[in-house]
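Chain residues, written in single-letter form:
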Amino acid sequence: MDIKTILVIGAGTMGRQIATSCALGGFTTILQDISGSALDEARADLEGWTARRVAKGKLQAEIADAALARLSQSTELGACAAQADLVIEAAVERLDIKRSIFAELGKNAPAHAILVTNSSTLASSHVAEASGRASQVCNMHFFNPALVMKCVEIVRNEQTSDETIQSVMAVARALGKEPVLVNKEIPGFIANRMMGAIQREALNLASLGVASIKDIDTTARTALGHPMGPFELMDLVGLDVTDFIAQATYSETGEDVDQPHPMVTQKVAEGKLGRKSGEGFYEYRG
Ligand code: 3HC
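Residues numbered from 1 in each chain as written. Predicted model: local features only at pLDDT ≥ 70, side-chain atom pairs only at ≥ 80, totals over all residues. Heavy atoms only, no water.

Notes on the site of the ligand
Taken together, 19 residues sit near the ligand, with Q17, R53, K56, H141 and N144 positioned nearest. H141 is positioned with one of its side-chain polar atoms (N or O) 2.8 Å from an oxygen atom of the ligand. Protein chains shield 67% of the accessible area of the ligand, which is 1000 Å² for the free molecule. For the shell around the ligand, the elements supplying multiple residues, two or more each, are α2 (36-55), α8 (191-207) and α10 (230-237). Across the shell around the ligand, the residue classes break down as 11 nonpolar, 5 polar and 3 charged. No fewer than three residues from each of domain 1 (5-182) and domain 2 (191-275) sit in the shell around the ligand. (Near = heavy atom within 4 Å. Polar contact = N/O pair within 3.5 Å; in protein donor to acceptor, adjacent residues only side chain to side chain. Areas by Shrake-Rupley, 256 points an atom, 1.4 Å probe, with all protein chains shown as cover. Helix = DSSP H or I, 4+ residues; strand = E, 2+ residues; numbered from the N terminus. Nonpolar A, V, L, I, M, F, W, Y, C, P; charged D, E, K, R; others polar. Domains from an automatic or database assignment.)

Structure representation (C-alpha cells):
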C-alpha cells in the first residue's frame, strides 16, 4: 500500500519522537494530542533536537527544515484521521482510552488506512474490534529513545492480514528501523521480556546487598557490553513505566516471577520516576 500521510496520536516521550522519525523518513506527518500545550512542548523539544543534530554536523539543515515543515500538529482527532494512510497510536496506556480512539479512527480514517498501536502492554486484539477493521490493526512497538533505537516490534493479532504486516514493515524500514515480526500476542513481546528478566535479576542482586546499583550497572556495561546498566535503563524508560509494565504483565500471567519489584514500586510512591523527575535510582540534578 502507498502510505504517504502518517498520523501519530500522543505527543508524549514516545509519540513526539515517532512523529519526528516519520517526518525525517519523508512522510507527511501529523502529531495529534488532546493537549495543545503538550503539542507546543513537543514541537519545541523536536526543534531543539534537530537543531543540535544540525550543529553537530549529523543532519543537514535543509533536511531538518523539510522534515519540520512536513510535521504538523493538531488537537482534532477526527479531522486528522480522515487524512491518514497510517495511524500510529501512542496515547496513554489505558484500554478504555485506546478503545475509544480506535473506535473514532474506525469511523473517520479512510477505508484503506492501517491503524497500529505503539503499546508495549496492550496487544492490538484488545482494540481491533473497536476499529471495525481488525485485519488492518497490529502493534508497532518502538523503543525509547525512538529517534535512536533501531528495533520496531510488529506484533500481529489473529486477524491481522499479511498485507497489513507487509505495509507496516515497509514503513518501519523507510524510517531506517529494523522491524521484527512477533507472530503471537504474548505479554512483553520479545524485548520487554528479555529486559524484564535482566531487570529482575539486577533488582534481586541489589536487594540482597550483593553489589551496589552502580556496580551492577557497571558490570552490565563492561562485562556484557550493554550500552546502559539495568538501573540506568529503568531511569531512562521511567520507573512508573517500568512498574506499569510489570503490573500489566503480572495481571496477564499471574506468575510470581512477573510481580512488580518492591524497590521500583517504592521509588514510584516517592515520586522518584527516573530522569524525567530528576531522580530515580540516580540523581539528575541540573
Ligand atoms: N532522545 C533522542 N536522542 C537521544 C536521546 C534521547 N533521549 N538520548 C541520546 N540520544 C542520541 C544522542 O543525541 C546521540 O546522537 P548522535 O550520536 O547522533 O550524536 C546518540 O543518541 C548517542 O547518545 P549519547 O552519546 O549521549 O549517549 P550513548 O552513546 O550512551 O547513547 C542511548 C544513549 C542511545 C540511550 C544508549 O545508551 C542506549 O542505547 N541505551 C539503551 C536504550 C534502550 O535499551 N532502550 C530500550 C528501552 S525499553 C523500551 O523502550 C520499551 C518500552 O516498552 C518501555
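Focus: the sheet that holds strand β4 (residues 86-89)
With mixed pairing, 8 strands are arranged side by side in an open sheet as β3-β2-β1-β4-β5-β6-β7-β8. Two strands close off the open sheet at either side, each with one partner strand: β3 (71-74) and β8 (178-182). Strand-to-strand twist in this sheet, taken as the mean axis angle between neighbours without regard to direction, amounts to 25°. One ladder, built from 3 bridges, connects strand β5 (residues 114-117) with strand β6 (residues 137-142); its direction is parallel. Its bridge partner lying in β6, V116 is registered against C138. Taken strand by strand, helix α3 (residues 61-70) contacts β2 (28-32) and β3, and its axis lies near 30° from that of β3. Packed on one face of the sheet, helix α7 (residues 162-174) meets β1 (5-9), β4, β5, β6, β7 (151-156) and β8 and runs near 170° to β7. (Pairing = 2+ DSSP bridges. Axes fitted to C-alpha atoms, helices over the stretch in contact; angles between N-to-C directions. Contact = heavy atoms within 4.5 Å.)

Points about the nonpolar core
Ranked by internal contacts, the top residues of the largest apolar core, which has 34 residues, are I6, I18, I88, M140, F142 and I154. When contributions to this core are tallied by element, the ones reaching two or more residues are β1, α1 (13-24), α2, β4, β5, β6, β7 and α7. Setting aside anything within four residues of it in sequence, one finds I18 in contact with V8, I88, A90, N118, F142 and A146. Counting residues in hydrophobic clusters, the runner-up holds 19 residues, among them I30, C80, A84 and L115. (Core = buried A, V, L, I, M, F, W, Y, C linked by side-chain atoms within 4.5 Å. Buried < 20%, exposed > 50% of the residue type's maximum accessible area, 1.4 Å probe, protein only.)

With respect to α10
Counting buried positions over the 8 residues of α10 gives 6, a clear majority of the element. Those residues of α10 that sit buried are P230, F231, E232, M234, D235 and V237. On its buried face, α10 is in contact with α8, α9 (213-222), α11 (239-253) and α12 (262-269). Following α10 by one or two positions, G238 adopts a phi angle in the positive range, close to 110°.

Regarding the pattern of salt bridges
A full pass over the atoms with the stated rule returns 15 salt bridges. When the shortest N-O distance is used, the salt bridge between R156 and D162 registers 2.7 Å. Two residues, R285 and E283, come together in a salt bridge whose shortest N-O distance is 3.8 Å. Accessibility classification places R285 together with E283 in one group, the exposed group. Salt bridges linked by common partners bring E270, K272, E279, E283 and R285 together as one network. (Salt bridge = Lys/Arg side-chain N within 4 Å of Asp/Glu carboxyl O.)

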